[in-house]
Amino acid sequence: MSLNIMRKESLDRYLGEDKLFVKSMNARDLMAIGIGTVIGTGIFILPGTIAANSAGPGVSLSFLFSAIVCALAAMCYAEFASALPVAGSAYSYGNVVFGEFLGWLLGWALVLEYMLAVASVSTGWAAYFNTLLEGVGIHLPKALSGPFDPAHGTYINIVAVVIVLLITVMLARGMQSSLRINNIAVFLKIAIILIFIIVGVFFIKPQNYHPFLPYHMKGVIHGATIGFFAYLGFDCVSSSAAEVKNPKRNMPLGIIGTLAVATILYTGVAVVLTGMVKYTKLDVANPVAFALQMVHQDWLAELLSIGALIGMFTMMVSMIYSSSRLIYAIGRDGLLPSFLGKLDEKSHSPQVALWIVAIIIAVMGGLVSLDQLTSLVNIGTLFAFMLVSFGIIPLRKRKDIGNRGGFKVPLYPVLPILSGLACLGMMTQLQKETYIGATIWFGIGIIIYFTYGYWHSKLADKN
């Protein structure tokens, strides 16, 4: 018996399976999900460290170049989301245009990206929150403040576990109330960043911009390769396609709008920061807070720590939501146990997938030291970006998938190919340890596919 690992899913089946989702989101909601994911604590750190070590005041150009490369992938995602408005993001796209095995690998890469990213951010949120508690004289027992490490007296990071479970309770109550809370949090986060930019403008010293390119264009390009990772996360928007009103219009607006706002904010922070403080002084743990303390604006530095907490909160909301829709989609296709692919009759959302995702993330964030693993998020994302970019070519050749009136990548096929090659180029910048970790992860995924997924797939009945 020969294996047919390139068998393809049909869009019609996906649309039929996903029709029970409540279509409640508009372009503004999608941008809030995207901005909530992309703009985290990195906006208060990366502009300073890239300026100090790679690009000098030219860091603003680094973020601009990063955004251009990301925009290529964003346009490819926008076309797929417009043509295939289904749950599962790149996993579902891969199943339809490449075949089941590559679709599974895409899904397995995204599982790694989403869950690992949330788990690591939950520990960062816990660290910020514990610092705030200590500021008012409250100290958690050491045993409850770190990963399972009895040798150093820590057993569980209880704050990381609690915040993941609280966000999951919020999401389980329904998307309408969750969206409202997320939209308010994103608005507050953007407001805090804009306050920094507006206040900071008054402390800019033009001489700090000289020399503008101390490391020349080579430094700007190197900074762009680091800055590229700051924009990762806009692909979460495509996970929500099955719950969006008028997806042909709103999905591209949500994805491309997210990137546009993120670019303005990152570039704005970079310009103001390097104008306030000489770039050589910015190689510190929290350069934006450091710059504000240098100009005696400590009140705003305190506000930024609240902005950081809000930033990490919205990122976790978006990623837990996206993870649950991804796991639902894989269960819907039978590649993971089918109970994961069921929608709750009352809420019309994948409650089982949501809670299983939450428990796994809470265990990882609460018990496991993730310092060595977070770079795996980047390789999972870039792998997905690369295949989605190249996937535009077979998508356009499919006569059974209509995208009339939807978004299409301009300058086809040049831009999709450029996007795929750019992502491939970024992958070459990753460390050897990242590739070793990714090989182990994909190896586990391949074993699961051939021992369970292939035989339980909904497509198995048709072969």
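Details of the structure are given in the entry above.
The present account deals with the structure reproduced in this document. Just so it is clear, the structure is predicted and the values come from calculations on it, not from any experiment.

**Re the overall build of the protein chain**
Point 1. Looking only at helices and strands, the protein chain has 16 helices and zero strands in total.
Point 2. For 463 residues, the compact-globule estimate of 2.2 N^0.38 gives 23 Å, and the C-alpha radius of gyration of the protein chain, at 22 Å, lies within 12% of that figure.
Point 3. Expressed as lengths along the three principal axes of its C-alpha atoms, the size of the protein chain is roughly 70 × 55 × 40 Å.
Point 4. A buried classification covers 58% of the 463 residues belonging to the protein chain.
Point 5. In the protein chain, the share of contacts with a sequence separation of at least 24, taken over all contacts with a separation of at least 6, comes to 84%.
Point 6. As presented, the protein chain carries roughly 18,700 Å² of accessible surface, and 69% of it is formed by carbon and sulfur atoms.
Point 7. Considering the protein chain, the positive charge centre built from 30 side chains and the negative charge centre built from 22 side chains are found 8 Å apart.

**Thoughts on the packing of aromatic side chains**
Point 1. Enumeration according to the criterion identifies 22 aromatic pairs in this entry.
Point 2. Centre to centre, the rings of tyrosine 77 and phenylalanine 385 are 5.5 Å apart; their planes meet at 70 degrees, and the pair counts as edge-to-face. In this pair, tyrosine 77 is assigned in helix α4 (residues 59-83) and phenylalanine 385 in helix α14 (residues 376-397), connecting sequence segments 308 residues apart.
Point 3. Their ring planes at 35 degrees and their centres at 5.1 Å tell us that phenylalanine 234 and phenylalanine 385 sit as a pair that is tilted. Note that phenylalanine 234 is positioned in the loop between α9 (216-227) and α10 (247-276) and phenylalanine 385 in helix α14, a separation of 151 residues in sequence. For the pair shown, phenylalanine 234 and phenylalanine 385 are each scored as buried.
Point 4. Joined through ring pairs, the aromatic side chains of Phe101, Trp104, Trp108, Trp441, Tyr449, Phe450, Tyr454 and Trp455 make up one cluster.
Point 5. We note arginine 332 situated over the ring of tyrosine 14; from NZ or CZ to the ring centre the distance is 3.8 Å.

**Looking at the packing of α4 against α10**
Point 1. At their nearest, the axes of α4 and α10 sit 9 Å apart, and the two run at 170 degrees to each other. As summarised for this structure, α4 and α10 are arranged roughly antiparallel, according to the angle between their axes.
Point 2. Its residues assigned to classes, the contact of α4 with α10 shows 20 nonpolar, five polar and one charged.

**Describing a nonpolar patch on the surface**
Point 1. Side chains of Phe148, Tyr155, Leu165, Val169, Trp355, Ile359, Val363, Leu367, Val368 and Leu373 sit close together on the surface and give an oily, nonpolar patch of about 820 Å² of accessible area.
Point 2. Among the elements of the structure, α7 (158-172) and α13 (351-367) are those that each provide at least two residues to the nonpolar patch.
Point 3. Broken down by element, the residue count for the nonpolar patch peaks at four residues, all from α13.
Point 4. Turning to its location among the elements, leucine 165 is positioned in helix α7.
Point 5. When its relative accessible area of 31% is taken as the criterion, leucine 165 is described as partly exposed.

**Focus on the pattern of salt bridges**
Point 1. Under the defined criterion, the tally for this structure stands at 10 salt bridges.
Point 2. Here arginine 13 makes a salt bridge to glutamate 9, at a shortest N to O gap of 2.8 Å. Each member of the pair, arginine 13 as well as glutamate 9, is classed as buried.
Point 3. The residue glutamate 243 makes a salt bridge to arginine 325 at a minimum N-O spacing of 3.0 Å. Of this pair, glutamate 243 sits in the loop between α9 and α10 while arginine 325 sits in helix α12 (residues 298-332); the two residues are 82 residues apart in sequence, bridging distant segments of the chain.
Point 4. With relative accessibility at 4%, the residue glutamate 243 sits in the buried group.
Point 5. One network of salt bridges, with partners in common, ties together Glu9, Arg13, Glu17, Asp18, Arg332, Asp333 and Lys458.

Analysis parameters
- Residues numbered from 1 in each chain as written.
- Predicted model: local features only at pLDDT ≥ 70, side-chain atom pairs only at ≥ 80, totals over all residues.
- Heavy atoms only, no water.
- Helix = DSSP H or I, 4+ residues; strand = E, 2+ residues; numbered from the N terminus.
- Rg over C-alpha atoms; globule rule 2.2 N^0.38 Å.
- Buried < 20%, exposed > 50% of the residue type's maximum accessible area, 1.4 Å probe, protein only.
- Contact = heavy atoms within 4.5 Å.
- Areas by Shrake-Rupley, 256 points an atom, 1.4 Å probe, with all protein chains shown as cover.
- Lys, Arg positive; Asp, Glu negative; His and termini not counted.
- Charge placed at Lys NZ, Arg CZ, Asp CG, Glu CD.
- Phe/Tyr/Trp six-rings, centres within 6.5 Å; stacked < 30°, edge-to-face > 60°.
- Lys NZ or Arg CZ within 6 Å of the ring centre and 35° of its normal.
- Axes fitted to C-alpha atoms, helices over the stretch in contact; angles between N-to-C directions.
- Parallel < 35°, antiparallel > 145°, perpendicular 65-115°, else oblique.
- Nonpolar A, V, L, I, M, F, W, Y, C, P; charged D, E, K, R; others polar.
- Patch = residues over 30% accessible without salt bridge, like charges linked within 9 Å, V, L, I, M, F, W, Y side chains within 5 Å.
- Salt bridge = Lys/Arg side-chain N within 4 Å of Asp/Glu carboxyl O.

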